[in-house]
Amino acid sequence: MYAQSRIRSILGVIVLVALVLALTATVGAQEDTRGVLRHLKAGTTPASNLDPHGPNAEGLVLQYVWNQLTRLDIGATFVVPDLAKSWESDETGKVWTFHLEQGVKFHDGSDFTSADALYSIRRVLDPDTGSPVRDKYLIIDEENMSAPDDYTIVIPLHQVDVEFPLRVSEKRLVMIPEGSGDTIAETGIGTDAFYVVEQNPVGLTVLAAFDDYWEGPPGLAGIELHHVSGSAGIAQALLTDQLDYVGIGQIKAENFALFEGNDDFTFLIQDSGGFTQIAMDVTQPPFDDLRVRQAFKLAQDRQETLEVVYAGQGDIACDTSVWKKDPYFLEQDCSRDVERAKELLAEAGYPDGIDVVLTVGDVYPTLVPLAVAYKEQAAEAGIRIEINQVPADTYYPDHFGKNAFYLDWWGQRQASSGMKELFGCGSGNNMSKWCSEEFEQLLIDAGAELDFDKRKELLGQAQVLVAQESGTMNPVFFTAVDVFRSRVKGVTRNFTEYIHLFYIEED
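Residues numbered from 1 in each chain as written. Predicted model: local features only at pLDDT ≥ 70, side-chain atom pairs only at ≥ 80, totals over all residues. Heavy atoms only, no water.

## Looking at the overall build of the protein chain
Selection rule: A helix here means a DSSP run of H or I that spans at least four residues, while a strand means a run of E at least two residues long, and both kinds are numbered starting from the N terminus. Radius of gyration means the value over C-alpha atoms here, while the globule rule gives 2.2 Å times the residue count to the 0.38 power. Remark: exposure states derive from per-residue accessible area (1.4 Å probe, protein chains only) relative to the maximum for the residue type, with buried under 20%, exposed over 50%, and partly exposed in between. Contacts are assigned to residue pairs with any non-hydrogen atoms lying within 4.5 Å of each other. Here the accessible surface of atoms and residues is derived via Shrake-Rupley with a 1.4 Å probe, and residues count as covered only by protein chains that are part of the display. Under this rule, positive means Lys or Arg and negative means Asp or Glu; His and the chain ends count for nothing. Here the site of a charge means atom NZ of a Lys, CZ of an Arg, CG of an Asp or CD of a Glu.
What the protein chain contains, in helices and strands, is 13 helices and 24 strands. In terms of overall dimensions, the protein chain is globule-like: its C-alpha atoms have a radius of gyration of 23 Å, near the 23 Å expected for 507 residues. Here the protein chain holds 507 residues, and 59% of them are scored as buried. In the protein chain, of all internal contacts separated by at least 6 residues, the share reaching a separation of at least 24 is 72%. Accessible surface computed for the protein chain: about 19,800 Å², of which carbon and sulfur atoms make up 48%. For the protein chain, the distance from the average position of its 39 positive side-chain charges to the average position of its 79 negative side-chain charges is 2 Å.

## A look at unusual backbone geometry
Pro-286 follows Pro-285 through a cis peptide bond whose omega is 5°. By secondary structure assignment, the location of Pro-286 is in the loop between strand E15 (275-280) and helix H6 (290-298). Notably, Ala-311 is not glycine yet its phi reads approximately 55°, a positive angle. As for its position among the elements, Ala-311 is in the loop between helix H7 (302-310) and strand E16 (314-316). Of note, the phi angle at Lys-433 is positive, near 60°, even though the residue is not glycine. Counting through the fold element by element, Lys-433 comes out in the loop between helix H11 (415-423) and helix H12 (437-448).

## Here's the deal with the sheet that holds strand E8 (residues 146-149)
Note the cut-off: Strands are labelled as partners when DSSP assigns at least two bridges between them. Helix axes use the C-alpha atoms of the stretch in contact, all axes being lines fitted to C-alpha atoms, and the angles between their N-to-C directions lie in the range 0 to 180 degrees.
Read across the open sheet, the 4 strands follow the order E6-E7-E9-E8; overall the sheet is antiparallel. The open sheet is flanked by strand E6 (84-89) and E8, the only strands paired with a single partner. For this sheet the average axis-to-axis angle between neighbouring strands, irrespective of direction, equals 25°. Where strand E7 (residues 95-100) meets strand E9 (residues 152-156), 5 bridges bridge the pair, whose relative direction is antiparallel. Pairing of Thr-97 across the sheet is with Val-154, part of E9. The strands that helix H2 (residues 114-125) touches are E7, E8 and E9; relative to E9, the one it contacts most, it runs at about 30°.

## Looking at the environment of Ala-404
Here Ala-404 is to be found in the loop between helix H10 (392-398) and strand E19 (405-410). The buried category is assigned to Ala-404, whose relative accessible area is 17%. For the pair Ala-404 and Ala-311, spaced 93 residues apart in sequence, the C-alpha separation works out to 29 Å. Non-local contacts of Ala-404, meaning those with residues more than four positions away in its chain, are made with Ala-279, Met-280, Asp-281, Gln-284 and Phe-287.

## Digging into the nonpolar core
Stated precisely, the cut-off is as follows: Within this scheme, the nonpolar core is defined by two criteria: the residues are buried Ala, Val, Leu, Ile, Met, Phe, Trp, Tyr or Cys, and they are joined through side-chain atoms within 4.5 Å.
In terms of nonpolar packing, the biggest core is built from 68 residues, with Phe-296, Tyr-374, Ile-383, Phe-405, Leu-407 and Phe-439 touching the most fellow members. Once residues lying within four places of it in the same chain are set aside, the contact partners of Phe-439 are Met-419, Phe-423, Gly-424, Trp-434, Ala-462, Leu-465 and Val-466. Trp-96, Ile-121, Leu-125 and Leu-225 belong to the second largest nonpolar core, which has 60 residues in total.

## A word on the packing of H6 against helix H8 (residues 338-347)
Going by this rule: When describing relative orientation, an angle under 35 degrees is termed roughly parallel and one over 145 degrees roughly antiparallel, while 65 to 115 degrees is termed roughly perpendicular and anything else oblique. Crossings are classed by handedness, with left-handed meaning an anticlockwise turn of the near helix from the far one by less than a right angle and right-handed meaning a clockwise turn. When residue character is reported, Ala, Val, Leu, Ile, Met, Phe, Trp, Tyr, Cys and Pro are called nonpolar, Asp, Glu, Lys and Arg charged, and the others, Gly included, polar.
Running from N to C, H6 and H8 point in directions that differ by 160°, and their axes come no closer than 8 Å. Viewed along their axes, H6 and H8 adopt a mutual orientation that is roughly antiparallel. Between H6 and H8 the crossing geometry is left-handed. Contacts between H6 and H8 involve Arg-291, Val-292, Gln-294, Ala-295, Phe-296 and Leu-298 from the former and Val-338, Arg-340, Ala-341, Leu-344, Leu-345 and Glu-347 from the latter. Split by residue class, the contact of H6 with H8 holds 8 nonpolar, 1 polar and 3 charged.

## A closer look at the packing of aromatic side chains
Rule in force here: Two rings belonging to Phe, Tyr or Trp (six-membered ring only in the last case) form a pair when the distance between their centres is within 6.5 Å. Interplanar angles under 30 degrees mark stacking, angles over 60 mark edge-to-face geometry, and anything in between is tilted.
Scanning the model with the defined rule gives 21 aromatic pairs in all. Each ring, one from Phe-287 and one from Phe-296, has its centre 5.3 Å from the other, and the planes form 90°; the classification is edge-to-face. Of the two residues, Phe-287 and Phe-296, both sit in the buried class. Ring centres of Phe-400 and Tyr-406 lie 5.4 Å apart, and the angle between their planes is 85°; on these two criteria the pair is classed as edge-to-face. Looking at Phe-400, the relative accessible area reads 24%, which means it is partly exposed. Taken together through their ring pairs, the aromatic side chains of Trp-87, Trp-96, Phe-98 and Phe-164 make up a single cluster.

## Details of the pairing of strand E3 (residues 36-41)
Of all 6 residues making up E3, 6 are buried, and the element is well covered by its neighbours. For E3 and strand E12 (residues 222-227), the ladder comprises 6 bridges, and the chain directions are parallel. In the strand pairing of E12, Arg-38 is matched with Glu-224.

## Focus: the state of the cysteines
Counted only if it meets this: Disulfide assignment relies on a single distance test, namely cysteine sulfur atoms paired within 2.5 Å.
Inspection of the entire model under this criterion finds 2 disulfides. One disulfide bridge connects Cys-318 with Cys-334, the sulfur atoms lying 2.1 Å from each other. A torsion of -65° about the S-S bond marks the disulfide between Cys-318 and Cys-334 as left-handed. Taken together, the positions of Cys-318 in the loop between E16 and H8 and Cys-334 in the loop between E16 and H8 put the pair 16 residues apart, joining distant regions of the chain. For Cys-318, a relative accessible area of 14% gives the class buried. In this model Cys-425 forms its disulfide with Cys-435; the gap between the sulfur atoms is 1.9 Å. Taking the sign of the torsion about the S-S bond as the criterion, the disulfide between Cys-425 and Cys-435, at about 100°, is right-handed.

Below is the structure:
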């Protein structure tokens, strides 16, 4: 038996003393003296809504309104309980049993039970939902899922997956009330520490404290999620006290100096597996030719990108999603080779170089600088790039996933589940549309392998395939730099999973 039960990590109790902040929030008709966190959001479009399972979920709301069965610990390393307090597999490794927390309330006051859990899983698996992570869960034998009682669910799999509890920590596989699929995009009912008061994807989204939260009332009265179009005004919004918190990758590296040495601001700086990805759609020419994709990758000057785009804060990446602190990370050699890039282009029928259009929007501060840096690097290999910079608000609805050559920003992913999401055949988040049967089989074999070293070898082979053949370029894993106004307290690593620990001191 593959015992995977985890003892709930004790997050500790934060005593909130002397919270007499001038800011107040009105929740219903009651005044709340706890502070309200003003939080930047980016990447939302007019189509973004409150359906956590669908393709247009407003991202930050996912983190603060719903819970999964499992989540990552504060160090973002190990899987720990969330709405499932423990779990285990049978002797075959193909049937997983999850024991649910009791006493958990939804925001509408109803109890969370096994019926809600099975409904939520089935909804993600339903192709009509359009979940971008559905492909990750096709391993589930949906027909034979069951609930022996109100607080136990049994999930059989089509194949062995020793890391299935990690797989269900995915932020898109959150729990919603049974039967709420038709209304969830408007109501946003969940079980987490905050509930939705109002939602405007390109304006202000307001969340309020859910004091019946099963882990205890949060230290904040609420959260305001502010939309800022483009990167130019983000630093100014912090400096002029319009925001309390700007997250990872949303401040340009050259603007860090505006906050350093200023007692009004504090930084949370930590290594991360986040990256900005350049995608080549392998279903469209010229990127349907492997030689072209490899030439484009060889033209990258990753060290220069690290220095110019990220101010030296990060680590060289070799076009995969698996970073150095992941236990399955494989170190690869991805040295620049301009001459070999030219040879490959000539072999592909472009002896005089090639002309392409790279589409980008100023949605995250790294996107445009990375596009410019790569354009200059690629020119040395005869790759002539025209940058098509479109308005930030139109980038996702009108261009993302539709252009042959474009960029996007991604947060840290775990090895196996992350590669399945970003490079798996049919995955809604596979930007380059690359599909490899060999890659898929390696992930299946790794999931069934009990020996860690053998599993690591298989996942290493999968990383090599991604680096050499996929349509993804990822030059750097950036250092995560978050900027807070100093009055925000209780900040810890992986705080997006534990933001209920935040509180605000009086200025």
